[in-house]
Amino acid sequence: MIWLAWRLQRAQTWALLGLAVVVVVAALVLRGVTLSQVDPSCLVGNINYSMPCTRQWGSLGAVMTYFQLLLVAMPFAIGLFCGAPLFARELEQGTHVLAFTQSVSRTRWMLVKAAVAVVPALLSVLAMQVALSYWFRAAGSLGPYRYGPWSEFNFPTSHLAPAAFTLAGLATGMLIGAIARKTLLAMVITVGLFLGVWFAALGTRELYVSTERVTYSAYGGGDYPRIMGAQPIDSGYVNADGATVSHLEASALTADCSGADRTQEDYTACYRDNGLVASYLDYLPAAKAKTAHLIEAALLLALAAACVAGTARTLRRVA
Amino acid sequence: MTTVVQVEDLGKRYRRTQALSGCAFELPEGSVTALVGPNGAGKSTLLSLIAGLALPTSGRVRVYGAQVLGRTPPQVSLLAQGRPMVRGLTVAETMRMGAALNPHWSQRRADEVLDLLSPVDRDKKVGELSAGTRTQVALAFCLGRLPRLVLLDEPLADLDPLARDEALRVLMTDVAERGTTAIISSHLLTDLNDVCDHLLLLDKGRVQLCGEIDDVLADHSVLTGPADSEVDAHVVSASHTERQTTMLARGPATAPAGWLRADADLETLVKGYLRASRDKR
Amino acid sequence: MLGGVIEFRIDRRSGVSTYVQIAQQVKQAMRMGLLGPGDQLPTAREVVETTAVNPNTVLKAYRELEREGLVEGRRGQGTFVTRSLATDATSREAPLRRALSSWMDQAGGAGLGVEEVDTLYLDVREEHYPTGGSPS
């Protein structure tokens with residue numbers, strides 16, 4: 001049965017594995033290029049914007065972003081080209097009757113097909129993830145990881161996210177295909193829906209963990225805190241009672257503080273006189289990204305499981 | 001004699017249309033039944049309910065005594081309408097598909113069917129075969145499962161006369177050899193005249209007639225007589241000209257006075273019942 | 001291969017039911033001397049492989065012949081002819097047959113068509129062997 005499921009989707013599977021191989025090889029080659037082209041001193045420590053470094057760096061940053069976007073797009077592509085046609089094509093061509101009138105139960109047939117689609121999908125996405133991360137880590141402080149684990153492209157391309165998104169994409173596509181029964185229609189709906197899932201995840205993942213707060217002098221300027229890999233969430237002022245004051249309220253309170261020849265101390269004093277004793281920054285520390293990954297992956301897995309159950313239910317009702 | 005198919009008060013409703021209602025009949029083992037009726041009579045629906053492909057809205061289907069519930073019984077093979085096949089697979093791969101999906105698959109039987117007429121090239125893709133050969137492959141796929149009951153939904157549509165003959169020969173071989181029970185649907189009775197011993201006539205989702213063809217024929221007669229006279233017989237349907245009435249009637253073995261009696265033939269019988277079903281509404 | 005002895009031809013338009021046609025053709029072959037005692041009739045499977053008919057119909061025809069005492073079904077082996085219907089009178093070289101043949105020659109010489117010959121033959125046959133006005 002595994003042979004049959006494989007035979008029926010081998011075209012997509014070969015394309016997928018082929019793409020993964022190309023990306024892995026490209027990542028390894030480009031890693032070599034990165035290391036030979038950029039002086040090691042540029043890649044360590046704090047971000048080095050010195051002229052020689054930026055010249056050597058050249059367009060590597062853009063290339064890295066393209067590859068990262070490709071990995072972000074993989075779950076979409078897998079849902080689109082592997083998930084949606086999994087049952088839509090059979091139902092569209094009427095060949096589902098062949099499988100549905102044999103000795104194998106529909107649910108078992110569905111699980112085998114899904115499994116045969118999942119394994120190469122996960123393998124190729126994981127291979128790409130590992131290869132890209134190997135490359136990006138070599139790029140050190142100039143690479144995309146300088147934006148920290150929370151950035152909108154770093155987060156979905158690291159930890160459990162690629163695998164979880166792939167499972168969700170595949171399962172969503174499969175369910176929609178079984179419902180729509182038209183391959184093309186299913187592909188369109190899958191992309192639309194999965195885009196929704198992706199942005200929902202983007203919008204909610206910052207809520208999974210609690211923020212941390214730093215306070216600093218009311219009129220910030222020079223001593224704005226720099227926290228490696230942190231994701232700023234909210235900022236504003238703190239008054240003498242410890243309550244927060246938004247930027248909007250603050251600007252109303254401090255309308256008189258502006259002046260042509262005022263010094264830093266003058267500003268700070270003026271802010272303090274108006275009740276703003278300090279600035280605060282709420283942020284997500286890099287270390288907490290791991291927790292968010294686990295929660296997000298669990299939610300995506302739940303979505304995938306629901307889609308699989310939904311597909312089984314849908315197929316049971318198909319005549 | 002063992003009853004293979006037992007249908008009780010069977011009904012199927014699709015969203016807006018009542019495809020079948022109140023169907024009841026039984027078919028004995030080894031019978032070859034012509035499931036006849038106009039397009040849209042409910043033939044495909046009936047077959048897919050017996051095959052467990054669809055679930056009935058009311059009533060029951062039993063195959064060898066076991067109720068069919070959303071799964072194809074192990075004894076049943078269905079050749080669905082349009083003879084669906086995966087076009088990209090070769091003939092050999094299609095047979096391997098049968099083996100993959102059936103623990104009791106007989107490759108020997110499948111090969112026999114593929115070689116029965118002109119042998120089928122196993123390495124050809126199914127999509128590249130002629131309609132007749134595709135039917136042969138579809139039958140091999142059906143019969144490799146070693147069914148006790150085969151359901152064939154319009155297996156002869158779009159086949160040329162030679163291919164029709166060949167398809168029926170393949171099927172009849174199975175009936176001869178293994179005592180397989182068969183239900184073959186067609187909207188053309190002439191296709192099935194010689195191969196069937198039972199008739200199941202369906203119209204508007206209802207069974208109009210069911211029985212062994214010889215019994216059914218013996219039970220009916222065609223009466224011709226003057227237009228204005230009455231006859232003491234159970235009239236199925238009648239047609240009139242100005243002076244003459246021709247009717248299909250149940251019974252009588254001898255002609256009533258003033259009437260001419262002839263044995264009914266299958267085609268007259270089927271037409272008579274279909275006309276009666278039309279006139280009812 | 002014994003199955004190759006005779007092949008049935010089913011006339012779909014004759015109105016005669018299939019099993020009767022098969023039984024008639026077996027008897028015909030027996031009369032012609034093509035089938036004699038001990039010969040095996042083609043099995044139902046052999047028949048349906050060459051002619052698309054229902055095997056049950058073939059078996060029904062054989063049962064009919066068995067009832068008439070012409071053939072015998074042997075379990076697991078097949079159906080065998082038990083009697084001879086061939087007489088010298090029907091063989092190719094029989095005087096009666098030759099007489100009929102020369103009569104046909106005369107009819108052909110007189111310009112009679114097939115239908116006229118049939119009408120004549122049936123008419124004369126009816127006089128000698130009345131069947132009670134069978135429909136035809």
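Everything below is about the structure printed above this text.
All values derive from a computational prediction rather than experimental measurement.

On to the state of the cysteines. Residues and elements named next belong to chain B. Within the structure shown, the criterion is met by zero disulfides over all chains. Between cysteine 210, a free cysteine, and cysteine 23, which holds the nearest cysteine sulfur, the sulfur-to-sulfur gap is 10 Å. A residue is classified by how much of its surface remains accessible, and cysteine 210, at 31% relative accessible area, is partly exposed.

A separate point is the interface of chain B and chain C. Listed by partner, the interface residues are 17 residues for chain B and 16 residues for chain C. Buried surface at the junction of chain B and chain C, both sides included, amounts to about 1300 Å², of which 47% is carbon and sulfur. Taken as a group, Arg169, Ala176 and Asp194 of chain B account for 41% of the area that chain B buries against chain C, more than any other trio of residues on that side. Between the two partners, chain B and chain C, sit two salt bridges.

Our focus in this paragraph is the packing of aromatic side chains. Evaluated as defined, the whole model comprises nine aromatic pairs over all chains. Between the aromatic rings of phenylalanine 76 of chain A and phenylalanine 194 of chain A, the centroid separation amounts to 4.8 Å while the plane-to-plane angle is 75 degrees, which identifies the pairing as edge-to-face. Pair noted here: phenylalanine 76 of chain A is in helix H5 (residues 60-93) and phenylalanine 194 of chain A is in helix H9 (residues 183-204), with a separation of 118 residues, a long-range link. Since its relative accessible area comes to 16%, phenylalanine 76 of chain A is described here as buried. Residue classification places phenylalanine 194 of chain A among the buried positions, given a relative accessible area of 2%. Aromatic side chains phenylalanine 136 of chain A and tyrosine 145 of chain A sit 5.8 Å apart centroid to centroid with 85 degrees between the ring planes, which places their arrangement in the edge-to-face category. A residue is classified by how much of its surface remains accessible, and phenylalanine 136 of chain A, at 2% relative accessible area, is buried. Taken together, the ring pairs connect Phe67, Trp135, Phe136 and Tyr145 of chain A into an aromatic cluster. The residue whose ring lies beneath arginine 213 of chain A is tyrosine 280 of chain A, and the NZ or CZ to ring-centre distance is 4.2 Å. Here arginine 96 of chain B stacks its cationic end above the ring of tryptophan 3 of chain A, 4.0 Å away from the centre of that ring.

Right, let's get into the sheet that holds strand E11 (residues 220-226) of chain B. All names here are of chain B. If you trace the four strands from one edge of the open sheet to the other, you get E12-E13-E11-E14, paired in antiparallel fashion. If you trace the sheet from one side to the other, it starts and ends with strand E12 (234-240) and strand E14 (260-263), each paired once. When the angles between neighbouring strand axes are averaged without regard to direction, this sheet yields 25 degrees. Bridge count between E11 and strand E13 (residues 244-250): seven bridges; the pairing is antiparallel. Pairing of valine 222 across the sheet is with leucine 248, part of E13.

As a further point, take the interface of chain A and chain B. Of the residues lining the interface, 21 residues belong to chain A; the matching set on chain B comes to 22 residues. Of the roughly 2100 Å² buried where chain A meets chain B, counting both sides, 65% is carbon and sulfur surface. Looking only at chain A, the three residues that lose the most surface to chain B are Trp3, Leu98 and Gln102 of chain A, adding up to 29% of its buried area. Viewed at the interface, chain B and chain A are joined by one salt bridge. Between glutamate 93 of chain B and arginine 7 of chain A there is a salt bridge whose closest N-O contact spans 2.8 Å. The interface formed by chain A and chain B includes nine residue pairs in polar contact (both at pLDDT 80 or more). Of all elements in the fold, only helix H1 (2-8), helix H6 (96-100) and helix H7 (106-138) of chain A reach the threshold of two or more residues within the side of chain A that touches chain B.

Let us look at a positive patch on the surface. Taken together, Arg181 and Lys182 of chain A together with Arg15 and Arg16 of chain B make up a surface patch of like positive charges. Inspection of the secondary structure assignment puts arginine 16 of chain B in the loop between strand E1 (3-13) and strand E2 (18-28).

Let's shift gears to helix H1 (residues 43-50) of chain B. Within H1 of chain B, seven of the eight residues are buried, leaving the element largely enclosed by the surrounding structure. Of the residues one or two after H1 of chain B, glycine 52 of chain B is the one with positive phi, at around 75 degrees.

Another point: helix H2 (residues 10-37) of chain A. Residues and elements named next belong to chain A. The end-to-end C-alpha separation of H2 is 40 Å, in line with the 40 Å expected for 28 residues at 1.5 Å each. When H2 is considered as a whole, its buried residues turn out to be Gln12, Thr13, Leu16, Ala20, Val23, Ala26, Ala27, Leu30 and Thr34. Contacts made by the buried residues of H2 are with H1, helix H4 (51-57), H5 and H7.

All names here are of chain B. Applying the stated criterion across every chain yields a total of 26 salt bridges over all chains. Aspartate 174 serves as the salt-bridge partner of arginine 178, at 3.9 Å between the closest nitrogen and oxygen. Taken together, the positions of arginine 178 and aspartate 174, both in helix H5 (residues 161-178) and four residues apart, correspond to about one turn of that helix. Residue glutamate 267 is joined to lysine 271 by a salt bridge in which the shortest nitrogen-to-oxygen separation is 3.6 Å. Placement of the pair is glutamate 267 and lysine 271 together in helix H7 (residues 266-279), with a separation of four residues, close to one helical turn.

What counts and what doesn't
Residues numbered from 1 in each chain as written. Chains lettered and ligands numbered in written order. Predicted model: local features only at pLDDT ≥ 70, side-chain atom pairs only at ≥ 80, totals over all residues. Heavy atoms only, no water. Disulfide = S-S within 2.5 Å. Buried < 20%, exposed > 50% of the residue type's maximum accessible area, 1.4 Å probe, protein only. Contact = heavy atoms within 4.5 Å. Buried area = accessible area lost by both parts, 1.4 Å probe. Salt bridge = Lys/Arg side-chain N within 4 Å of Asp/Glu carboxyl O. Phe/Tyr/Trp six-rings, centres within 6.5 Å; stacked < 30°, edge-to-face > 60°. Helix = DSSP H or I, 4+ residues; strand = E, 2+ residues; numbered from the N terminus. Lys NZ or Arg CZ within 6 Å of the ring centre and 35° of its normal. Pairing = 2+ DSSP bridges. Axes fitted to C-alpha atoms, helices over the stretch in contact; angles between N-to-C directions. Polar contact = N/O pair within 3.5 Å; in protein donor to acceptor, adjacent residues only side chain to side chain. Patch = residues over 30% accessible without salt bridge, like charges linked within 9 Å, V, L, I, M, F, W, Y side chains within 5 Å. Areas by Shrake-Rupley, 256 points an atom, 1.4 Å probe, with all protein chains shown as cover. Lys, Arg positive; Asp, Glu negative; His and termini not counted. Charge placed at Lys NZ, Arg CZ, Asp CG, Glu CD. Expected span 1.5 Å × (residues − 1).

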